[in-house]
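Each chain is listed here by its residues.
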Amino acid sequence: MLRPIGKRVVIKRLEAEEKTASGIVLPSQAKEKPQMAEVIAVSKEVEEIKVGDTVVFKKYVGTEIKVDGEEVMICDVADILAIME
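What counts and what doesn't
Residues numbered from 1 in each chain as written. Predicted model: local features only at pLDDT ≥ 70, side-chain atom pairs only at ≥ 80, totals over all residues. Heavy atoms only, no water. Helix = DSSP H or I, 4+ residues; strand = E, 2+ residues; numbered from the N terminus. Buried < 20%, exposed > 50% of the residue type's maximum accessible area, 1.4 Å probe, protein only. Lys, Arg positive; Asp, Glu negative; His and termini not counted. Salt bridge = Lys/Arg side-chain N within 4 Å of Asp/Glu carboxyl O. Contact = heavy atoms within 4.5 Å. Pairing = 2+ DSSP bridges. Axes fitted to C-alpha atoms, helices over the stretch in contact; angles between N-to-C directions.

1. Brief notes about the side chain of Asp79
Now for step 1: Its place among the elements puts Asp79 in the loop between β5 (70-76) and β6 (80-83).
Now for step 2: No salt bridge forms around the buried Asp79; measuring N to O, its nearest opposite-charge neighbour Lys58 is 4.0 Å away.
Now for step 3: The contact partners of Asp79, leaving out residues within four places of it in the chain, are Val56, Phe57, Lys58 and Val61.

2. Notes on the sheet that holds strand β4 (residues 63-67)
Now for step 1: Ordered by their spatial adjacency, six strands build an open sheet running β4-β5-β1-β2-β3-β6, and the pairing between neighbours is antiparallel. Only two strands of the sheet have a single neighbouring strand rather than two, namely β4 and β6. Direction aside, the axes of adjacent strands within the sheet are offset by 45 degrees on average.
Now for step 2: Where strand β1 (residues 8-13) and strand β2 (residues 36-42) come together, five bridges link them in antiparallel fashion.

Next up, the structure:
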C-alpha cells in the first residue's frame, strides 16, 4: 500500500454513472470521470481528512498510478474541495 508524504492523500475515484437521470445508458467513452473519490491513505501531516472519507476534488489534479491492479490517485490536500457527510 502507498503511504503518501507531505500534505497528500491517496484516493480512488468512485465509478461513473452508467445512465443519465432520464434513463439513457451511456457508452464508456461518453461517461465523465467523477470528481468524487474514497480516501484510501493519508499522510501523517493531514488531520482534517481520514481514510474512508468520500471527498470531492478539483478537476485535472493529482497523479494517477496503478497499485495492485487498481487505479488510484495521489493529490495534495489543497486539491480536496469538500468531504461528503
